[in-house]
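Geometric and topological summary
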Amino acid sequence: MSERQLPDFVERDVDLTTRTTLALPGRAALYAEIRDAGQLAMLAGENARRRFVLGAGSNLVLTGDFDGLLLRMAIRGRELIGDDESAWYVRAGAGENWHQLVLWTLAQGWPGLENLALIPGTVGAAPIQNIGAYGLEVAERFQSLEAVDLATGQTLRLDHAACRFAYRDSVFKQEGWHLNGQRVITRVTFRLPKAWQPLTGYGELAAEADRQQIRQPHPQAVPNAHFRPDLRSNPGPTPRQVADAVIAVRRRKLPDPAALPNAGSFFHNPRVSAALAERLASAHPGLPRYPQADGRVKLAAGWLVEHSGWKGRDLGRVGMYEKQALVLVNRGGASGAEVGALARAVQTDVRERFGVELTPEPVFL
């Protein structure tokens, strides 16, 4: 397919500054707003040009102009497609706002996603990153997804096993789906268990639940006739109360990108050997540690950044947020090069002080 044969919905030379939450400058040579899978089929077979799939732009660092075809995912729609004795099955378009989906499922009486409230981004990006927060990963609620193969135009269906989920990882990242646009997620189905249990034991969320006094049995759960928990065996808050606590914690420590451009948590929480974690804990008793099933120990990246002297510290027009050291912010007019320079400086200081490597979460494009 030559450039002259591109469909009418493909735009040229589009400014991307307002299409990412870090508000970095950059332009796309070609740009297409994808509102249905049929548009992807029309683009199938074009392999000579670089492609990139963009959601809400909340996990992206623009390093300059993009010389290929940027596909902005805007497929909408959300519905209950069925239920059985154990779960409700909810399907949503890849362009749906993630937080709005969480709130909608709770309003319908289908709990299970509340710990992932207020995470920025779209539904289609959730399984790619295997988003997670406060003791829950999206992999634990994932059922299946649909995608279009842009080499053939065919629809693919992947179940849980095929996605090869791991900590902030998936087959989509492992095989570069999010980088080359070879396969594009269009719809995702979630399995929301009817045997709901509140997850409020994770660090800051537990403290917030205590502060709001919502960790005691509550006489009413969720507004669904089929949902009747036994409060004697399942004490705790309602799903909406858990969501409200998550939202309160996130709003308290994370800046609104509309007011202060940022990409959320900038570094992965590193996983290190038990031996290294023990040595670090001996030298730094306050270091948060989370033992993992594989024998390694997860460390709090924000703590490492803060205790390396970067909390609230700027480098040029970017800096690490004063209320949460893990968040890299654009103070105004910054470039992708400045973001990269700050990230490398933080990584160097953490490595020299603690012997731990930090890996950025966002994609650099």
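Look a little higher up for the structure.
Residues numbered from 1 in each chain as written. Predicted model: local features only at pLDDT ≥ 70, side-chain atom pairs only at ≥ 80, totals over all residues. Heavy atoms only, no water.

For the structure shown, the criterion picks out 23 salt bridges. When the shortest N-O distance is used, the salt bridge between Glu137 and Arg168 registers 3.7 Å. Of the two residues, Glu137 is situated in strand β9 (residues 136–137) and Arg168 in the loop between β11 (155–159) and α4 (171–174); the sequence distance between them amounts to 31 residues. Across the pair, Arg168 and Glu137 agree in class, each one buried. Residues Asp244 and Arg240 are paired through a salt bridge, measuring 2.9 Å at the closest nitrogen-oxygen approach. Within this pair, Asp244 and its partner Arg240 are both found in helix α7 (residues 239–253), separated by four residues, close to a single helical turn. (Salt bridge = Lys/Arg side-chain N within 4 Å of Asp/Glu carboxyl O. Helix = DSSP H or I, 4+ residues; strand = E, 2+ residues; numbered from the N terminus. Buried < 20%, exposed > 50% of the residue type's maximum accessible area, 1.4 Å probe, protein only.)

Another point: the nonpolar core. Grouped together as the largest cluster of nonpolar side chains are 61 residues, with contacts concentrated most on Leu71, Trp98, Leu101, Leu145 and Phe172. The next biggest cluster of nonpolar side chains, apart from the first, holds 45 residues, and it includes Leu16, Phe52, Leu60 and Val61. (Core = buried A, V, L, I, M, F, W, Y, C linked by side-chain atoms within 4.5 Å.)

The interhelical angle for the contact between helix α2 (residues 98–108) and α7, taken along N-to-C directions, is 155 degrees, at an axis separation of 10 Å. In terms of their interaxial angle, α2 and α7 are classed as roughly antiparallel. Where α2 crosses over α7, the handedness of that crossing is left-handed. Residues His99, Leu103 and Leu106 of α2 pack against Pro239, Arg240, Ala243 and Ile247 of α7. Within the contact of α2 with α7, the residues separate by chemical class into five nonpolar, one polar and one charged. (Axes fitted to C-alpha atoms, helices over the stretch in contact; angles between N-to-C directions. Parallel < 35°, antiparallel > 145°, perpendicular 65-115°, else oblique. Left-handed = near helix turned anticlockwise from the far one by under 90°. Contact = heavy atoms within 4.5 Å. Nonpolar A, V, L, I, M, F, W, Y, C, P; charged D, E, K, R; others polar.)

Take helix α8 (residues 274–283) next. Taken together, the buried positions of α8 are Leu276, Ala277, Leu280 and Ala281. Along the axis of α8, the buried residues cluster in a sector spanning 135 degrees; they form a single face. Along α8, exposed side chains directed more than 90 degrees from the buried face belong to Arg279, Ser282 and Ala283. Close packing links the buried residues of α8 with β14 (271–272), β15 (289–291), β16 (297–299) and α10 (336–354). (Arc of directions from axis to C-beta.)

Pairing is mixed across the open sheet formed by four strands, whose spatial order is β1-β2-β5-β3. Two strands lie at the open edges of the sheet, namely β1 (10–15) and β3 (51–54), each paired on one side alone. Between one strand axis and the next, the sheet turns through 35 degrees on average, direction left out of account. Pairing of β1 with strand β2 (residues 27–34) involves five bridges; the strand directions are antiparallel. Within β2, the residue paired with Asp15 across the bridge is Arg27. (Pairing = 2+ DSSP bridges.)

Moving on, we come to the pairing of β11. As a general feature of sheets, a regular strand has side chains that alternate between the two faces. The pairing of strand β10 (residues 142–149) with β11 spans five bridges and is antiparallel. When the sheet's bridge partners are listed, Ala147 is paired in β11 with Leu156. Linkage of β10 to β11, two consecutive antiparallel strands, is achieved through a turn of five residues, within which Gly153 is found at a positive phi near 85 degrees.

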